[in-house]
Amino acid sequence: MIEFNLPRPITEEFMSLVPEQRACVSKLFHKGSLISYTLDQNRTKLWVILMADDESELLYLIDLFPMSDFMDYNYHELMFHETVAMIPSMSLN
């Protein structure tokens, strides 16, 4: 799990990277490397759960995020991460 601290103040340069960041997030979700991506309401912290085999792969994945150069971060190796998939139920009617 990576805990990012967003820059203060948030600059136009940082905000201009939002479309690239979203594209990267989508790609990593699709590949299965990104498990969770959460931004707090105050836009000061971002929590990311990534699947990586080792620290070097983790750092590689973090560097893929266009906004990573603007944010300080700490990471923690997790024993497990449980979540509920929010898949809509299908009606046969």
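Definitions and limits used
Residues numbered from 1 in each chain as written. Predicted model: local features only at pLDDT ≥ 70, side-chain atom pairs only at ≥ 80, totals over all residues. Heavy atoms only, no water. Buried < 20%, exposed > 50% of the residue type's maximum accessible area, 1.4 Å probe, protein only. Helix = DSSP H or I, 4+ residues; strand = E, 2+ residues; numbered from the N terminus. Pairing = 2+ DSSP bridges. Axes fitted to C-alpha atoms, helices over the stretch in contact; angles between N-to-C directions. Contact = heavy atoms within 4.5 Å. Salt bridge = Lys/Arg side-chain N within 4 Å of Asp/Glu carboxyl O. Phe/Tyr/Trp six-rings, centres within 6.5 Å; stacked < 30°, edge-to-face > 60°.

Chemist: Help me get a handle on the pairing of strand β1 (residues 2-5), residues and values and all.
Modeler: Residues I2 and F4 line the buried face of β1, whereas the alternating positions E3 and N5 sit on a face that is not buried. Alignment of β1 against strand β4 (residues 72-75), held across four bridges, turns out to be antiparallel. Paired with F4 across the bridge in β4 is Y73.

Chemist: For the sheet that holds β1, give the residues involved together with the corresponding values.
Modeler: One open sheet holds the four strands; their spatial order is β2-β3-β1-β4, and the pairing between them is antiparallel. Edge strands, defined here as strands with exactly one partner in the open sheet, are β2 (34-39) and β4. Going across the sheet, the axis of each strand differs from the next one's by a mean of 15 degrees, ignoring polarity. Helix α3 (residues 55-64) rests against β1, β3 (45-50) and β4 of the sheet, and its axis sits at about 150 degrees to β4.

Chemist: Could you give me a rundown of the pattern of salt bridges, with the residues and numbers involved?
Modeler: Inspection of the entire model under this criterion finds one salt bridge. The partner of K45 in a salt bridge is E3, with the nearest N and O atoms 3.7 Å apart. With K45 in strand β3 and E3 in strand β1, the pair connects residues that are 42 residues apart, well separated along the chain. Taking the relative accessible area as the measure of exposure, K45 reaches 27% and is therefore partly exposed.

Chemist: Could you give an account of the packing of aromatic side chains, naming the residues involved and the relevant values?
Modeler: Applying the stated criterion across every chain yields a total of four aromatic pairs. Members of the aromatic cluster, each reached through a chain of ring pairs, are F4, Y37, F65 and Y73.

Chemist: So what's going on with unusual backbone geometry? Which residues, and what values?
Modeler: At the junction of R8 and P9, the peptide bond is cis and its omega measures out at -10 degrees in the coordinates. Within the element layout of this structure, P9 appears in the loop between β1 and α1 (12-15). Positive phi, normally seen in glycine, also occurs at R43, with a value near 55 degrees. Secondary-structure assignment places R43 in the loop between β2 and β3. Given a relative accessible area of 53%, R43 falls into the exposed group.

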